[in-house]
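Descriptive analysis of the structure
The residues making up each chain are set out below.
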Amino acid sequence: MVRAGLTTERVVAAAADLADSVGFDKVTISALARGFGVKDASLYSHVRNLHDLRTRVALLAAGEFIDRIGTAVAGRAGKDALVAFADAYRTFALERPGRYEATQMRVDPEIVAESTAYHRTVETTGAMLRAYGLAEPDLTDAVRLLRSTFHGYCALEASGGFGAPRDVQTSWERTVEALHFLLEHWPSAAGEEADERDNGHG
């Protein structure tokens with residue numbers, strides 16, 4: 001029997017909040033049920049299993065993540081857009097650690113293909129980078145650079161991994177400025193391939 005007041009949306013939102021409090025990897029059906037004051041079985045009317053629950057949290061978090069980034073970069077281009085994107089990324093990662101961790105979960109490709117949040121993430125990121133004149137395959141390389149830099153920085157900051165006295169905020173600003181410089185002077189993969197052909201290596 002479905003407990004009155006429980007919906008899939010409430011269950012998933014509560015799981016996302018729990019993730020922010022204790023960590024995404026510690027979100028379980030039992031822990032969530034205790035929070036609602038119900039038996040585990042009551043939640044299986046709303047989610048199939050733990051993997052389904054975590055996938056739903058990942059989708060919810062992805063939507064909230066790109067909402068924040070999209071709002072930040074709206075009407076901006078070039079360096080202004082990059083700074084806004086980066087700051088929104090970092091703020092979300094630090095303020096919503098469990099949700100952010102959920103966005104790193106590997107989700108079934110079929111689910112990703114149907115998710116508007118993931119599509120918007122690709123479109124928003126691509127639009128920002130195309131303003132730097134990047135096209136494939138440079139675009140994918142640049143996305144991977146930004147993602148790995150932002151993720152690594154936020155992970156180290158969240159864990160207290162920066163021990164030097166240098167102000168962390170200042171280092172962040174300099175990091176984003178350096179990324180902007182690199183994006184403006186990106187070494188074109190297409191140009192390298194052409195050079196290889198000209199040199200007889202094609």
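To be clear, the structure that these remarks concern was listed above.
Fair warning: this is a prediction, and the values are worked out from it, not measured in the lab. (Residues numbered from 1 in each chain as written. Predicted model: local features only at pLDDT ≥ 70, side-chain atom pairs only at ≥ 80, totals over all residues. Heavy atoms only, no water.)

1. Remarks on the packing of helix α9 (residues 138-158) against helix α10 (residues 168-184)
- For the pair α9 and α10, interaxial distance at closest approach is 12 Å and the crossing angle is 175°. Classified by the angle between their axes, α9 and α10 sit roughly antiparallel to one another. Across from A142, L145, L146, T149, F150, Y153 and E157 in α9, the residues of α10 making contact are V168, S171, W172, T175, L179, L182 and L183.
- Within the contact of α9 with α10, the residues separate by chemical class into 10 nonpolar, three polar and one charged. (Axes fitted to C-alpha atoms, helices over the stretch in contact; angles between N-to-C directions. Helix = DSSP H or I, 4+ residues; strand = E, 2+ residues; numbered from the N terminus. Parallel < 35°, antiparallel > 145°, perpendicular 65-115°, else oblique. Contact = heavy atoms within 4.5 Å. Nonpolar A, V, L, I, M, F, W, Y, C, P; charged D, E, K, R; others polar.)

2. Examining the pattern of salt bridges
- The tally for this structure, following the rule as stated, stands at 10 salt bridges.
- Across the pair R68 and E95 runs a salt bridge whose closest N-O atoms are separated by 3.1 Å. Taken together, the residues span a long stretch of sequence, with R68 in helix α4 (residues 50-73) and E95 in helix α5 (residues 78-95) at a distance of 27 residues.
- Of the charged contacts, one joins E157 and R90 as a salt bridge, the two residues approaching to 2.9 Å between their closest N and O atoms. Of this pair, E157 sits in helix α9 while R90 sits in helix α5; the two residues are 67 residues apart in sequence, bridging distant segments of the chain.
- Here the salt bridges do not stand alone but share partners, grouping D17, D20, E64, R96 and R99 into one network. (Salt bridge = Lys/Arg side-chain N within 4 Å of Asp/Glu carboxyl O.)

These figures capture arrangement, not role.
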